[in-house]
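Summary of the model geometry
If you want the building blocks of each chain, they are given just below.
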Amino acid sequence: LAIAHLTGQLSLPRNTITGLRLLARAAALSSIAAPHPAYVLSLVLLGEGPRLGFWRENEEGEVDRAGIVPVGKNRMTEGKRWMERSAYLGFVPAQ
């Protein structure tokens, strides 16, 4: 659903903030069976979102408005943390 909101698929309106919040929730629930959400969230936080195909250059401010980075943390630190988590869960592209 996160990607559907981020892209406007499945007849859902494109809503970046809702998509990011759902992606952050999916990343928090990532497991060995499903490590991909943590990886995608890390790419968005690290500024690699535009190469994913659903993220536009001008949407960087949406990350801050979505409230997915804890207070006192920065996006790069959180992005690295999610990348490490997806690698720990065995997601090969993150390793």
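Figured I'd write up the structure that's included with this text. Note that the coordinates shown come from a computational prediction; the quantities given were computed from them, not determined experimentally. (Residues numbered from 1 in each chain as written. Predicted model: local features only at pLDDT ≥ 70, side-chain atom pairs only at ≥ 80, totals over all residues. Heavy atoms only, no water.)

Okay, the nonpolar core next. Among soluble globular proteins, nonpolar side chains are generally buried collectively. Core analysis: the largest hydrophobic core is formed by 15 residues, its most contacted members being L20, L23, L41, L45, V63, I68 and W82. Going through the elements one at a time, α1 (2-7), α2 (16-28), α3 (36-45) and α4 (60-66) are the ones with two or more residues in this core. Sort the elements by how many residues they give to this core and α3 lands first, with 5 residues. When residues no more than four places from it in sequence are discounted, the contact partners of W82 are A27, A28, A38, L41, S42 and L45. Y39, M83, F91 and A94 belong to the second largest nonpolar core, which has 5 residues in total. (Core = buried A, V, L, I, M, F, W, Y, C linked by side-chain atoms within 4.5 Å. Buried < 20%, exposed > 50% of the residue type's maximum accessible area, 1.4 Å probe, protein only. Helix = DSSP H or I, 4+ residues; strand = E, 2+ residues; numbered from the N terminus. Contact = heavy atoms within 4.5 Å.)

Their axes nearest at 8 Å, the elements α2 and α3 cross at an angle of 130 degrees. Between α2 and α3, the angle falls in the class oblique. In terms of crossing hand, the pair formed by α2 and α3 is left-handed. Residues L20, L23, A24, A26 and A27 of α2 lie in contact with α3, whose contacting residues are P37, A38, V40, L41 and V44. Considering only residue class, the contact of α2 with α3 consists of 10 nonpolar, no polar and no charged. (Axes fitted to C-alpha atoms, helices over the stretch in contact; angles between N-to-C directions. Parallel < 35°, antiparallel > 145°, perpendicular 65-115°, else oblique. Left-handed = near helix turned anticlockwise from the far one by under 90°. Nonpolar A, V, L, I, M, F, W, Y, C, P; charged D, E, K, R; others polar.)

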